[in-house]
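An overview of the molecular structure
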Amino acid sequence: MELLVALLISGLLALVIFQLLQGQGRFVAIQGAREEVQQNARAVVELVGGELRGVPGGAGLVQGTEDSLTIRVPRVWGVLCAVPGGGATTLQVSMPAGGPDLTPTDSTGLAVQIGTGAGATWTNGVRLTAVGPKQTSCGPTTLAAGAEAHTLTFSGSLGGTAPDAGAPVYVYDPVTYRTGTSAGVDGLWIQRRSGGSGSQPFAGPINEGSTADSKGLRFAYFDETGAMLATPLSAADRAKVRRIRLVVRTLSSRGVGDDAAQEQTDSIDIFLRNRVGP
Amino acid sequence: MRDSKRSFHRLGEQGVALPLALLGLVVVTILVTAALMTSSTEVALSAAHEAGTRGLYDAETALEHTVARRAAAQAITDASYPDTVGGTPYSVAAAVLLKRPIIKVDSFLVRRTSYSLVSAPGSGRGRRVGAMVDAVQQILPFGLHITSGAMVGTDNVKLPGKSYVITGQDSSSCSTGDVSGMVVAADVDTSKIGMADEVIGGIEQSSVDKLGFASFVLGGRSPDQAAMAASIKWGNLPGARTLTTNNLYSDPTLPRDSWMNWGCPAGIILSCATDPDTAYYPVVAIRANPGSEIHLTGSGQGVLIVIGDARLNSGFRYKGVVVVTGNLTVNGGTSVLGSLVALSDLTLQDSTYSTSGTTETAISGSGEIRFDRCSVQRAQDAANGLLLDSAPSAFPEPTYGWFEVVR
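Small disclaimer: the values here were computed from a predicted structure and weren't measured.

Looking at the state of the cysteines
For the coordinates displayed, the defined rule picks out two disulfides over all chains. The disulfide partner of Cys81(A) is Cys138(A), and the S-S distance across this bridge is 1.8 Å. Its S-S torsion of about 90° marks the bond between Cys81(A) and Cys138(A) as right-handed, since a negative value means left-handed. One end of the pair, Cys81(A), is in strand β2 (residues 69-82); the other, Cys138(A), is in strand β7 (residues 137-138), with 57 residues separating them in the sequence. As far as burial versus exposure is concerned, Cys81(A) and Cys138(A) are alike and both buried. Residue Cys264(B) pairs covalently with Cys272(B) via a disulfide, S to S 2.0 Å. Disulfide Cys264(B)-Cys272(B): the torsion about the S-S bond is -80°, which places it as left-handed. Its relative accessible area of 2% is what places Cys264(B) among the buried residues. On the accessibility criterion, Cys272(B) (0% relative accessible area) is buried.

Now the structure itself:
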């Protein structure tokens, strides 16, 4: 009799333990999936947000729609220290020493600010074709230890008035964020295209979304008054953008059991740091 | 025998309850551990995200805080400025990207300097941001009104022997056209100037009298005010070194930061052709101890201001402007390429004598004071550069060119 009771209790315990383990396994799987989508969403918000934060003024925002945008991502900032030949094809730029590699790709460009303060404007973006070696002086000026000069050769016309020494300059690569599918990668992903390379899967999968509000990648654009601008942005509106809202809905790579994939929505409002003021 | 067997099976120690309980405990422990691990991973992820986000804004705060503090202090230079944000130490490194050319705006000289700033946590780990900012400095210019080899504000000028003043008619000395050898204050009695015919180019009388002559020549500043702008000061002047001797020997072979390196005057000292100090034009001010005469030997360039009496010893070579408020004696064998401004008695010694300290020695050759417009201009530019260097910095515009340093 005692043995029968023990067996019964053992059976019950085994059943409970099995249920607990199964529940725990499911819980861990769900939590893992949640971590995955959360991390994906955070990564998108962080990385895209970081690049948006540094968008330059002028034509720094190249195009903006509800689910894609193209921006100029500066590689380096500097100041013009000499304008050989009136700046028709080359400029000498002083920049912080020990900066990033400046080897240009097919779409690397540069732009120069004309004027200062509220009246400042930017030249056309022109294609950077060559970067000279590091120099410790620029024209007649010997640079301080923390700076180095490079001769930047470009093709195309800066337009407008020739820039003066001291004008801010940035070297950039155009970067596009959009959604799309890629061979060998399941589902819809956020893609990033930098320079002349093709679109690369960047983060995902994301919600394909049947309605505008449920799409996996959404952008909204605001001017200095906080008013939302209509998309796709017109050329005039692109210059007005001071804040961009990024909403991302990421999915886990697969569901748990019979459940659908986990979904995470994350959003961030990014003030464009280089567009301070009106 | 039966009793001893029973002692191994005491009441309550038969059956499987204990193993079952232990098994249950193990299972519960596993479940709890798994739950803890899952939740701690969540916490770690959230903490990392929070730390990353906070790091960005802390770095930004340190950068803007540093700019604000530099604006309040009205000074910025190539340096790392420490800051603390939320208990975390930060360092904001400022580097001069470009000192733009000095421009004139109304009656001011203005210089805009572009700085690159990078804010990083003191630990070296964490997010870093950078930006650029422009500092603007402005001064009322040090505008010298010097038009001849000697600008004299005294009646007592003695030109004995073969000492002479030469005009800047030598094209190699950066002068065009005829200029007077000497310009004197309006109320100087030129008839009292001995051997005036030794002054090549003649003597010209200024429209300004003796009282305002110093201020006129020094562009609206008194000699004392001009001395305040000096980068090297000796004697009783603010920030000056104590004069322990009246004999000062300027030597361009000394390190640049030496207070007795007054630049290397190329053109009158052959070895200066390859000396880096040939581009160094300091402003030197000396206030003589009461009742003393400063004896100057060696070579230099820039602007030299002596408040008190002075003697230029034989072999003294100077390119730029020498201003002496007290009695000035120029020994033979002295060379000044630029201009000599004498505001009290001026004596050009016979060429055959020189005084070094208290010992007179015979020398050969004549003293030479040659007007050099370029040397005067360089000395003036250097003086203005020094004034600008020490002028307050304003930051009229916010930071620009913001970027996050790629991790």
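Thoughts on the pattern of salt bridges
A full pass over the atoms with the stated rule returns 20 salt bridges over all chains. Salt-bridge contacts for Asp269(A) lead to Arg245(A); the nearest nitrogen and oxygen are separated by 2.8 Å. With Asp269(A) in strand β16 (residues 263-271) and Arg245(A) in strand β15 (residues 243-251), this pair connects stretches of sequence that are 24 residues apart. Take Asp269(A): its relative accessible area is 31%, and that puts it in the partly exposed class. Taking the relative accessible area as the measure of exposure, Arg245(A) reaches 31% and is therefore partly exposed. Counted as one network, the salt bridges with shared partners bring together Arg100(B), Arg112(B), Asp134(B) and Glu397(B).

So, the interface of chain B and chain A
Taken residue by residue, the interface counts 36 residues in chain B and 40 residues in chain A. Between chain B and chain A, the buried area comes to about 3100 Å², and carbon and sulfur atoms account for 63% of it. Among the residues chain B hides against chain A, the three largest losses belong to Leu97(B), Leu98(B) and Trp402(B). Together they make up 20% of the total. Our count for the chain B to chain A interface comes out at three salt bridges. With a shortest N-O distance of 2.6 Å, Glu60(B) and Arg273(A) are connected by a salt bridge. Joining chain B to chain A, the criterion identifies eight residue pairs in polar contact (both at pLDDT 80 or more). When contributions to the side of chain B that touches chain A are tallied by element, the ones reaching two or more residues are α2 (17-73), β2 (88-99), β4 (108-121) and β23 (400-404) of chain B.

A few points about the packing of helix α1 (residues 2-53) of chain A against α2(B)
Two measures define how a pair of helices packs: the angle their axes make with one another and the distance between the axes. Their axes nearest at 10 Å, the elements α1(A) and α2(B) cross at an angle of 5°. The angle between the axes of α1(A) and α2(B) places the two elements in the roughly parallel class. When grouped by side-chain class, the residues that make up the contact of α1(A) with α2(B) number 16 nonpolar, 10 polar and five charged.

Thoughts on the environment of Ala167(A)
Tracing the chain through its elements places Ala167(A) in the loop between β9 (147-155) and β10 (168-182). Classification of Ala167(A) as buried rests on a relative accessible area of 8%.

Parameters at a glance
- Here, residues in each chain are numbered from 1, in the same order as that chain's written sequence.
- Throughout, the order in which chains and ligands are written sets their labels, letters from A for the former and numbers from 1 for the latter.
- The predicted origin of the model limits local features to residues at a pLDDT of at least 70 and limits the giving and counting of side-chain atom pairs to 80 or more, whereas totals for whole chains, interfaces and linings rest on all residues.
- Excluding hydrogens and water, the side-chain figures rest on all heavy atoms present in the structure.
- Our working definition of a disulfide is a cysteine sulfur pair at a distance within 2.5 Å.
- Only DSSP runs of H or I covering at least 4 residues are called helices, and only runs of E covering at least 2 are called strands; the numbering of each starts at the N terminus.
- Per-residue accessibility, obtained with a 1.4 Å probe over protein chains only, is compared with the maximum for each type, and a residue is labelled buried under 20%, exposed over 50%, and partly exposed between these values.
- Salt bridges are defined as contacts in which a side-chain nitrogen from Lys or Arg sits within 4 Å of a carboxyl oxygen from Asp or Glu.
- Contacts are assigned to residue pairs with any non-hydrogen atoms lying within 4.5 Å of each other.
- Each of two parts loses accessible area, computed with a 1.4 Å probe, when they are put together; buried area is these two losses added.
- By the criterion applied in these results, polar contacts are pairs of N or O atoms within 3.5 Å in which, for protein atoms, one can donate a hydrogen and the other can accept it, and in which residues neighboring in sequence qualify only through two side-chain atoms.
- All axes are obtained by fitting lines to C-alpha atoms, using only the stretch in contact for helices, and the reported angles, taken between N-to-C directions, cover 0 to 180 degrees.
- By definition in this entry, angles of less than 35 degrees are roughly parallel, angles greater than 145 are roughly antiparallel, angles of 65 to 115 are roughly perpendicular, and the rest are oblique.
- Side-chain classes are defined by residue name, with Ala, Val, Leu, Ile, Met, Phe, Trp, Tyr, Cys and Pro counting as nonpolar, Asp, Glu, Lys and Arg as charged, and the others, Gly among them, as polar.

Purely geometric stuff here, so don't read any function into it on its own.
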